[in-house]
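Here's the letter readout for the chains.
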Amino acid sequence: MTLAVHTHPVFEPLTTSIGATAHHVDLAADLSPALVADIRSALLEHKVVIFPRQRLTPESQIAFGRALGELTASHPVVPGLDAAHPEIYVLDSTDGGKAPVWHTDVTFMKRPPLGSVLRAVSLPAVGGDTCWTNLEAAYLTLSEPLRRLADQLHAEHDGRRDFQEYLEQRRNGEGNTWEGTTVRSLEPVTHPVVRVHPETGRRSLFVNPGFTTRLIGLSDVESRALLDVFFAAIGKPEHSIRHRWHEGDVVVWDNRSTAHYAVDDYGDHRRVMHRITIRGDEPVGPAPAHP
Ligand SMILES: O=C(O)CCC(=O)C(=O)O
Ligand SMILES: [Fe+2]
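What counts and how
Residues numbered from 1 in each chain as written. Chains lettered and ligands numbered in written order. Predicted model: local features only at pLDDT ≥ 70, side-chain atom pairs only at ≥ 80, totals over all residues. Heavy atoms only, no water. Helix = DSSP H or I, 4+ residues; strand = E, 2+ residues; numbered from the N terminus. Buried < 20%, exposed > 50% of the residue type's maximum accessible area, 1.4 Å probe, protein only. Donors = N, O, S within 2.8 Å, 3.2 Å for Na, K, Ca; no water. Salt bridge = Lys/Arg side-chain N within 4 Å of Asp/Glu carboxyl O. Phe/Tyr/Trp six-rings, centres within 6.5 Å; stacked < 30°, edge-to-face > 60°. Lys NZ or Arg CZ within 6 Å of the ring centre and 35° of its normal. 1 Å grid on protein atoms, 1.4 Å probe; cavity = no way out; pocket = protein on both sides within 12 Å on 5 of 7 lines; lining within 4 Å. Points joined across faces, edges and corners; volume = space filled by probe spheres on them. Nonpolar A, V, L, I, M, F, W, Y, C, P; charged D, E, K, R; others polar.

**Concerning the environment of V77**
Structurally, V77 can be placed in the loop between α2 (58-68) and β4 (89-92). Look at V77 and you get buried, because its relative accessible area is 0%. Separated by 165 residues in the primary sequence, V77 and R242 have C-alpha atoms spaced 28 Å apart.

**Quick word on the coordination of the iron ion (ligand 2)**
Binding of the iron ion (ligand 2) to the protein goes through H103 (NE2), D105 (OD) and H260 (NE2), at separations of 2.1 Å. In the primary structure, the donors to the iron ion (ligand 2) are separated according to the pattern H-x1-D-x154-H.

**Observations concerning the pattern of salt bridges**
Within this structure, the stated rule accounts for 26 salt bridges. Its salt-bridge partner being D151, residue R203 comes within 2.8 Å of it at the nearest N-O pair. On the criterion of sequence distance, the pair formed by R203 in strand β12 (residues 203-205) and D151 in helix α4 (residues 144-152) is long-range, its members being 52 residues apart. The residue R256 makes a salt bridge to E199 at a minimum N-O spacing of 2.9 Å. Placement of the pair is R256 in the loop between β15 (250-254) and β16 (258-262) and E199 in the loop between β11 (194-196) and β12, with a sequence separation of 57 residues. Overlapping salt bridges, with partners in common, bring together E70, K110, R111, E179, R279 and E282 in one network.

**Let's talk about the packing of aromatic side chains**
Tallied over the full model, the rule gives six aromatic pairs. Every member of this aromatic cluster is reached through a ring pair, and the members are F108, F163 and F211. One residue, R147, lies across the ring of Y139, its end atom 6.0 Å from the ring centre. The cationic tip of R195 hangs over the ring face of F206; the distance from NZ or CZ to the ring centre is 4.9 Å.

**Structural notes on the layout of surface pockets**
Reported here for the largest pocket is a volume of approximately 690 Å³. As for the largest pocket, its lining consists of 32 residues, of which Y89, L91, G96, G97 and K98 are closest to the centre. For the lining of the largest pocket, the secondary structure elements donating two or more residues are β4, α5 (160-170), β16 and β17 (272-278). For the lining of the largest pocket, the class distribution of residues is 16 nonpolar, seven polar and nine charged.

So yeah, pure geometry; function would need other evidence.
See the structure below:
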C-alpha cells in the first residue's frame, strides 16, 4: 500500500500589507478541498498569492480556477485562447497585451471578477514584472473626512478607451459572450467609490486610473481633482509588491481589494501570459449613514 504524502501548504508573507508566496503546493497534482480552502483564506488574508514554478497547462489552469469558483469568459470583448479554452484570456505583448497602468480587472462591467489567476507562458529575458497594490490600505491612507466623503460617492467605469477600437475593428462590433449576452457595446457602469468586501467586510478604495472616468454628481473640475487625490493614494510602495516572473509561475489575486500594473520595460521582446477570471458579484458600498 502506498500512502499519499500530504504536505501542508505554507503561505509566507511578502510584506505586512499584501502578498504571500505559497510553498509546498503543486497545483497540477493536488486540488483537494482542504488545499483550496487554505488558498481561499490565504487570498483573503494576503490578497495576492504567488505559486512559484508550477507546471500548469491551459487545462489545469482552468481546473485550478474552477476549484476556486465559477469562471467567466476570457474577457467581455476579447475571445479566449481557442474554442477548447474560452476561459483563457491571452495577454501577448506583440498583440497589444500590455497593461502598464494601475487597474482592477474588468471594473467596466456590472460584476467585475472576484479574482484572477495569471500564468507566465513566455517571458522576456529581462523585465516584465507585475505589481499589485492593496486598495484597503489605499482607503486607510485617506484622511478621515475624505474617507467619509468617499464612502458616499459613486464613480463611472468605462472600458471604451482600451477596448472600443478592438471591438469595432477586430470584432466587427460583436464582442464576446459575457454572462449570457453578446457584448456589442461597452456602456459605462457605476460602482461605489468605496467597496465593502463581501467576505471580510473591509473597505477598499475601488477606483482605478485604468477604467474610472468620473465621479457621479460632481462637476468636471471637482471630479478630476478628487479622482487625482484618490489615484495618488493607490500604489504606494509600502502597500505594493512587485513580482519578477519565472517560467510556470502562477499568481492569484483578490480583484475586489487590489489593483495591479504590468511593467512595460522589455521593449519589443515577446511576453505571453494566460489569465482566467473567477466570477464576482456587484460591488456594494458602505451603508448610507442614518440622519
Ligand atoms: O501581464 C501582466 O503581468 C498582467 C496583465 C493584466 O493586467 C492582467 O492579467 O489582468
Ligand atoms: Fe489586469
